[in-house]
Amino acid sequence: MTRLSGGLIDRSRSLNFTFDGRKLTGHPGDTLASALLANDVRLMGRSFKYHRPRGLIAAGSEEPNALVELRGGARQEPNTRATVAELFDGLDARSQNRIGSLRFDLLAVNDLFSPFFAAGFYYKTFMWPKAFWEKLYEPAIRRAAGLGSLSMQADPDAYDKGFLHCDLLVIGGGAAGLAAAQAAARSGARVILADEDFRLGGRLMAETHLLDDAPATGWVSGVEEELASLPNLRIMRRTTVFGAFDHGIYGAVERVADHLPEPGDKPRQTLWRITAKRAVLAAGAVERHIPFANNDRPGIMLAGAMRAFANRWAVSPAARVAIFTNNDDGHRTAIDLAAKGVDIAGVIDSRDNVTAMGSYPVFAGGVVSDAKGRLGLTQVEVTQNGRSQWIDCGALGVSGGWNPNLHLASHHRGRPVWDEALQSFVPAKDGPPGLIVAGAANGQGSTAAALRSGAEAAVQALGELDITATLPDLPQAEDVVSKPHALWHVPGRGRAWVDFQNDVTVKDIKLAHQENMRPVEHLKRWTTLGMATDQGKTANVTALAIMSELTGKPIPETGTTIFRPPYSGVSLSVLGGGNTAEHFRPRRLTPTHHWAEAQGAVFVEVGPWMRAQYFPRPGETHWRQTVDREVLATREGVGICDVTTLGKVDVQGADAGEFLNRLYCNGMKTLKTGMVRYGLMLREDGIAWDDGTCARLAEDHYVVTTTTAQAGPVYRHMEFARQCLWPEMDVQLISTTDAWAQVSVAGPNARRLLERIMDEGVDISNEAFPFMACKSLTICGGLRARLFRISFSGELAYEVAVPTRYGNALMQRLIETGADLGATPYGTEALGALRIEKGHAAGNELNGQTSPQMLGMDRMVSTKKDSIGAVMSRREGLAADTRRLVGLQPVDSAQPVLAGMHLFTEGAAQNTETDQGWITSACYSPHVGSAIGLGFLARGDERMGEVITGANPLDQQQVALRVVSPHFVDPDGGRLRD
Amino acid sequence: MLIPHPLLGLRDAQEFTYLGDARLIDRPDGMAEGAEAAFAEYVYLRDNPAGVHRELWFHEQGDRSWLIVTRDTVTHEILGAELARNVALAANGGEA
Amino acid sequence: MHFSGFRVIKEALTGHKGWKPLWRNPEPQSSYDYIIVGGGGHGLATAYYLARTFGQARIAVLEKGWLGQGNIGRNTTIIRSNYMLPGNEPFYEFSMQLWEGLEQEFNFNAMISQRGVLNLCHTDAQRDAFRRRGNAMLLAGADAELLDAAGVRAMAPFLNFDNARFPIKGGLLQRRGGTARHDGVAWGYARGADMRGVDLIQNCEVTGFRIEGGRVQGVETSRGYIGAKKVGVAVAGSTGRVMAMAGMRLPIESHVLQAFVTEGLKPVIPGVITFGAGHFYVSQSDKGGLVFGGDIDGYNSYAQRGNLPVIEDVTEGGMALMPMIGRARLLRVWGGIMDMSMDGSPIIDHTDVEGLYLNAGWCYGGFKATPASGYAFAHLLARDTPHDTAKGYRLDRFARGYVIDEKGVGAAPNLH
């Protein structure tokens, strides 16, 4: 088929593209769909279930049939509607969902067996033999199902996210949207005009109506030019507003580079979050088809789409076409196509007594009752006054009236209401607050009504914001409203499609009715109606009407359906916004990170942090070698570890002591200035939540630490207590986690090392600075620092804090200065081993399920004061829990101990009832010379010395374990105090 | 969602962390008679209304204020927001 | 009517004239022995087991809308029994065993597909917790395998093993886990209950309870008063609203959970995969859509819809885990109302009102529990004693300190 005259394509340039390997050409301005039609391609896809040959139905994003795979390699993109794929040079498109070629799809055999595949058939069969479902039936069904395919490679393109704010968001750039944008922009309000198309104008580009006696494209260009000149208005083409969320927030996707061969340095798409004080939805309408037997033949399409292809893209799907309509709109298609020289075989109008509006045959009171042409329409059967005849045509335009495109208006679950006069659903009044629907989307479909209602909506919306806008002078336009005759389907014996993609026919709806699947949601779910990629835009209302015929109830009583976001498919890549791979979450680096990197440290993810896990040295071939060395170096000399990631909260004020007294289950008010105390925080439900240290630097100044994992939540909780529970207290909080670098210096040589960096006159002897002392002081010649004598490892140990920017230097200084003392950096692995050897609880023990009793800390929960969680920690169920923290050591030192083993009395049956506990943490202990573990064991405190079984059924392991004190190292704590 | 912060104006709800029912500011006295029953109710039971709900939000990525937001749980409409501290002070008989 | 392949063929050859309604549309009687409030999955299963297993009669299910309208009509279809705590695991394993014979039992293909559930771990601590959990599963008679990174890679080579922010260290696999066609489950139970004489009454909203002398007498409904000896409430999402009519406050908040499906794709994902370093879980439906979900929005809501930040967050998780899904398109997002309980575990118990029973608090894991929940609730209703595997799901466990807090986050419903 050669091109028709006119159209909005640039004939001066040709674009090469391929479809299923065939080399074809089109022009700038074409979509893949229009270019395919211009190359006489009518067959573009296969349906989901029966693999019926299919062509275009529509010209817009609602297209259910012509879904193709676009591009190749890692950019392969399944299920792209040919109608929205903008043609570019080199575009490569392939049909999908077929085995073999598009013309000879082997799966078309399904169509022969279609009687067996009626609605709901899956639910009634494939039950025996039982094992066959997963092994045979389901894999076969899965292979046949699905549409396009993924490349299985990571998307190579870049994506972006952005935020926009405006007074008015206008969704849709057709007659109503342009009028709204013009009225709003002239008021000075901040306006965004978004349209999914690459060209503004909407339906105006598809029609031949005159505006002020001139082609509409002139008016569109004029408005476009004016809008482009206004700084307060932003035009967003190729931008689909896909969802209406709370408080005027709209999600939109801008296809920045989908019309280019490759995005180059641009993102392929951008996800916009638009916060709009008001919005006008001017999304137009979607035409309805009328089901009749074999109405899915390639070449049968919506009459409005046929007109759009002819007027905007200068193509006709065939040289000779027919029209089937129940309203005046179908005649427009005939007039427009005839004007372009297309042979009109006739207009079949279901209304009696209609006459032609041009020179073409009219079949008044007639219907199309069947169609021929498996791979492309050849003939339609016209039934008129009980007589049928076949007429030749290569395409049929069908017009059953228009459904307002109210998708976004129902995103807040407001149900559309039936308008009897329009014979369609219109948006409900309880749509998203701030959203006004205008134009055809609101049932005001004539050009004049659309222009007027768009402008009025903008004026009204801005008026609500106290911005005065006035109605612009709108052009004179046609104002004909065509009321469709209620013809929802053509009765007959053949299969008549309602939902094209999912192959739901009128018979399926009848069957659903027969089987009492009558509520609209049952109908949808039983038949899969409306579940296809167009979300039922082209099917739902028709199906409802047919169900209403069957039940004898009016349409509104039969039910309505709503739409859910997104308006049309949104790529997962753009929703992820490029925050993928290593950019999935930000990395927090410790102050000594670069130093550790230079030492060749291996890092590990700890929440948002990257921490040094261990520091391998040349010759070490296994991580355990390294960790054992680091542990022993600490126990024998001095080890140094960056512990900056612990949360730090500065607590100041006259009531700071009382405040902390109420937060921690143990007392903090009595803590002496210059001293540190271990603190256990409970949740209000009495479960141990977080532990740390609490240092009193001055009468009214405490510094508390939290675990790395709970730094954020604990601070939040402290602010809650301060602002909401005890607002009258004089206390201020600030998180200083990022302000201070903190380094642990542990081991028998710790003091000797630290003495070397203390400034003159600072005495840290055991007498002057005993265990659990703290002090603000200066080191390294005037650097302010805080020193805490606390130990996680059980050794003589300190933590030194300096302003963060000195952390790296401090680490370097300590290692250099302490070389002769055996100063050794250690990572989180050794840190873990050291604390397990000492029996300190950490994250694995404090997992949110542990009571103070289980930790042996119930006596810490003061009964003399009220504190968070104290009351609930004494509940019957917690008190009755006998599990206690114990140490576990294999009887045979060669045996493994694994965290996650369950504990049993030796020789007992092993099941849920006999389960006595589990191992929380385990490691190899260089100190003990075997693997060791910590665990919670029923009556653990009474079972010291007993040999029990550690079971790991996952690996069929059974290990004899001796119950011991959790303090494998220095149980009396002598080393801490030396 | 957008939350009308009484000091900072409209802020995206993503800046906030949600806690729940504003009754959580009315913590019982742990030293009183019958405290266990009072706490069981305080910690666990909720009105959970379908409609107007007063609830606590923390401006975690902002000024670290705890707010009491009044919001309709059916429509998500926000009817107001106050500083929780002021509400708590008023409830405790102090000055807001 | 018995469903079978032969029946389908026979009907296909005779124009499908013989298919009967899947269930009746009965008028409500003036009274019943049992009224189940809520025609979602759990309510329908309860009625089914009451009639089938416990031999009870005069049963009605009252549904304010259409059967299966509850969360069984809007979930991500996952079935599994991979819990850790002794209060949970035996119950979910019981449920799994019921799933395994369900379709043959109720003669309806609910497309139960045991293609496996794989939970990924990204830290040593997570792996430790998985080992504890996997062992707990085995000890309760379920199946579990702990995979290392190579084992995961062999199963799912398309995951990000190259440049992940949180590298995959391994996974906990339950091969018997998988998915089921959610609506099919509701319909199977409904049809099975109807065949055994249960009255399934749609468009019948309960508007009040008639309680006299501490005993329930019946319910007020939009279709009039209906008397009952026992009333069981199974209205997840609306539990707070419904039980408020009986004067009860509950350890439950209602929250919105969004779920997602993409356009249809040829098979890419074998079973169910969950991300351990972000909020994302996914499976692929038989139709080809990637069905996925993540975290709840996190604020109390009865709106059945959520907001954009969670959509972005969940998708980011998916893209981080399996970057090959990027060019797939999101087709639909929907929201359901979840009964988020204070410890993340459900309640199957009697109430202080004699004859009034409650099944609630399923958080966003109720679908997999449907068979056992129905069975245990029917057991409680019929015998007035809890089923063995559901003994811990008492209403007083919170006050008494016997919570079943699988996640260890305490009384914070939006974190469970």
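Residues numbered from 1 in each chain as written. Chains lettered and ligands numbered in written order. Predicted model: local features only at pLDDT ≥ 70, side-chain atom pairs only at ≥ 80, totals over all residues. Heavy atoms only, no water.

**Here we look at the overall build of chain C**
Now for step 1: If you tally the helices and strands in chain C, you get ten helices and 18 strands.
Now for step 2: At 21 Å, chain C has a C-alpha radius of gyration in line with the 22 Å of a compact globule built from 416 residues.
Now for step 3: Seen through its principal axes, chain C has C-alpha atoms that stretch 65 × 65 × 40 Å.
Now for step 4: Partitioning the intrachain contacts of chain C with sequence separation of at least 6 by distance along the chain shows that 74% fall at a separation of at least 24.
Now for step 5: Taken as a whole, chain C presents about 11900 Å² of accessible surface, with 52% of it coming from carbon and sulfur. (Helix = DSSP H or I, 4+ residues; strand = E, 2+ residues; numbered from the N terminus. Rg over C-alpha atoms; globule rule 2.2 N^0.38 Å. Contact = heavy atoms within 4.5 Å. Areas by Shrake-Rupley, 256 points an atom, 1.4 Å probe, with all protein chains shown as cover.)

**Here's the deal with a positive patch on the surface**
Now for step 1: The grouping of A:Arg493, A:Lys507, A:Lys510 and C:Lys17 at the surface amounts to a positive patch.
Now for step 2: Mapping C:Lys17 onto the fold places it in the loop between helix 1 (5–13) and strand 1 (31–37). (Patch = residues over 30% accessible without salt bridge, like charges linked within 9 Å, V, L, I, M, F, W, Y side chains within 5 Å. Salt bridge = Lys/Arg side-chain N within 4 Å of Asp/Glu carboxyl O. Lys, Arg positive; Asp, Glu negative; His and termini not counted. Charge placed at Lys NZ, Arg CZ, Asp CG, Glu CD.)

**Remarks on the sheet that holds strand 7 (residues 91–95) of chain A**
Residues and elements named next belong to chain A.
Now for step 1: Taken in spatial order, the five strands line up as 2-1-7-5-6 in an open sheet, and their pairing is mixed. At either margin of the open sheet sits one strand with a lone partner, and together these are strand 2 (22–26) and strand 6 (77–81). Pairwise comparison of adjacent strand axes, ignoring direction, gives a mean angle of 40° for this sheet.
Now for step 2: The sheet contact formed by strand 5 (residues 67–70) and strand 6 spans three bridges and is antiparallel. Bridging from a neighbouring strand, Val-68 pairs with Thr-80 of strand 6. (Pairing = 2+ DSSP bridges. Axes fitted to C-alpha atoms, helices over the stretch in contact; angles between N-to-C directions.)

**Focus: the interface of chain C and chain A**
A common way to express how large an interface is: the accessible area buried when the components associate.
Now for step 1: Contact residues are listed per partner, giving 126 residues for chain C and 122 residues for chain A.
Now for step 2: Approximately 10200 Å² of surface area, both sides summed, lies buried where chain C meets chain A, with 56% of it carried by carbon and sulfur atoms.
Now for step 3: Considering only the side of chain C, the residues that lose the most area to chain A are C:Leu139, C:Arg165 and C:Arg327, jointly responsible for 10% of the buried surface there.
Now for step 4: There are 16 salt bridges connecting chain C and chain A.
Now for step 5: Notably, a salt bridge pairs C:Arg327 with A:Glu77, separated by 3.7 Å at the nearest N-O pair.
Now for step 6: Inspection of the region where chain C meets chain A yields 74 residue pairs in polar contact (both at pLDDT 80 or more).
Now for step 7: Those elements that place two or more of their residues in the side of chain C that touches chain A are helix 1, helix 3 (89–106), helix 4 (124–139), strand 5 (145–148), helix 6 (182–195), helix 8 (308–321), strand 16 (329–341) and helix 10 (397–400) of chain C. (Buried area = accessible area lost by both parts, 1.4 Å probe. Polar contact = N/O pair within 3.5 Å; in protein donor to acceptor, adjacent residues only side chain to side chain.)

**So, the interface of chain C and chain B**
Now for step 1: With 24 residues of chain C in contact, the opposing surface of chain B contributes 24 residues.
Now for step 2: Summing both sides of the interface, chain C and chain B together bury roughly 2100 Å²; the carbon and sulfur share of this comes to 50%.
Now for step 3: Counting across the interface, chain C meets chain B through three salt bridges.
Now for step 4: Ionic pairing is found between C:Arg249 and B:Glu41, a salt bridge with its closest N-O pair at 2.9 Å.
Now for step 5: Counting only elements with at least two residues in the side of chain C that touches chain B, the list comes to helix 7 (239–244), strand 12 (252–262), strand 15 (290–300) and helix 10 of chain C.
Now for step 6: In terms of residues, the side of chain C that touches chain B owes the most to one element, strand 12 of chain C, which gives four residues.
Now for step 7: Of the residues assigned to the side of chain C that touches chain B, the class counts are twelve nonpolar, eight polar and four charged. (Nonpolar A, V, L, I, M, F, W, Y, C, P; charged D, E, K, R; others polar.)

**Some points on the side chain of A:Thr737**
Residues and elements named next belong to chain A.
Now for step 1: Residue placement: Thr-737 occurs in the loop between strand 40 (732–735) and strand 41 (740–746).
Now for step 2: At 3.0 Å, the side chain of Thr-737 and the backbone nitrogen of Lys-648 are in polar contact.
Now for step 3: At 3.5 Å, the side chain of Thr-737 forms a polar contact with the side chain of Ser-735.
Now for step 4: Excluding its chain neighbours within four sequence positions, the residues that come into contact with Thr-737 are Arg-588, Trp-609, Thr-644, Thr-645, Leu-646, Gly-647 and Lys-648.

**A look at the sheet that holds strand 5 (residues 66–72) of chain B**
Now for step 1: Judged by pairing direction, the sheet is antiparallel, and its four strands sit side by side in the order 3-4-5-6 (chain B) without closing on themselves. The strands lining the two open edges of the sheet, one partner per strand, are strand 3 (17–21) and strand 6 (78–83) of chain B. Across this sheet, the average inter-strand angle for adjacent strands is 25°, counted without regard to direction.
Now for step 2: The pairing of strand 5 of chain B with strand 6 of chain B spans five bridges and is antiparallel. Bridge pairing links B:Leu67 to B:Leu83 in strand 6 of chain B.
Now for step 3: Each of strand 3, strand 4 (52–58) and strand 5 of chain B is contacted by helix 17 (residues 711–725) of chain A, which is oriented at about 85° to strand 5 of chain B, the strand it contacts most.
Now for step 4: Helix-sheet contacts for helix 2 (residues 84–91) of chain B involve strand 4, strand 5 and strand 6 of chain B, and the interaxial angle to strand 6 of chain B is about 70°.

**Notes on the confidence of the model for chain C**
Now for step 1: When pLDDT is averaged across chain C, the result is 97; 100% of the residues are at 70 or more.
Now for step 2: Prediction confidence for the complex, expressed as pTM and ipTM, is 0.97 and 0.98 respectively. (pLDDT = per-residue confidence, 0-100.)

**A short note on the packing of aromatic side chains**
Now for step 1: Taken as a whole, this structure holds 47 aromatic pairs over all chains when the rule is applied.
Now for step 2: Between B:Tyr44 and C:Phe398, the aromatic rings sit 5.1 Å apart at their centres with planes inclined by 50°, giving tilted as the arrangement. Taken together, the residues span two chains, with B:Tyr44 in helix 1 (residues 35–44) and C:Phe398 in helix 10. For the pair formed by B:Tyr44 and C:Phe398, the shared burial category is buried.
Now for step 3: Its end group placed over the ring of A:Trp272, A:Arg234 keeps NZ or CZ at 5.1 Å from the ring centre.
Now for step 4: The residue whose ring lies beneath A:Arg312 is A:Phe198, and the NZ or CZ to ring-centre distance is 5.1 Å. (Phe/Tyr/Trp six-rings, centres within 6.5 Å; stacked < 30°, edge-to-face > 60°. Buried < 20%, exposed > 50% of the residue type's maximum accessible area, 1.4 Å probe, protein only. Lys NZ or Arg CZ within 6 Å of the ring centre and 35° of its normal.)

**A few points about the pattern of salt bridges**
Where side chains of opposite charge bring their charged atoms close, a pairing between them can arise.
Now for step 1: Under the definition given, this model contains 99 salt bridges over all chains.
Now for step 2: The partner of A:Asp820 in a salt bridge is A:Arg756, with the nearest N and O atoms 2.7 Å apart. Taken together, the residues A:Asp820 in the loop between helix 19 (807–817) and strand 45 (823–825) and A:Arg756 in the loop between helix 18 (750–755) and strand 42 (774–779) connect sequence positions 64 residues apart.
Now for step 3: Of the residues examined, A:Asp820 reaches a relative accessible area of 57% and is grouped as exposed.
Now for step 4: With its nearest N and O atoms 3.2 Å apart, the salt bridge here joins C:Arg24 to C:Asp199.

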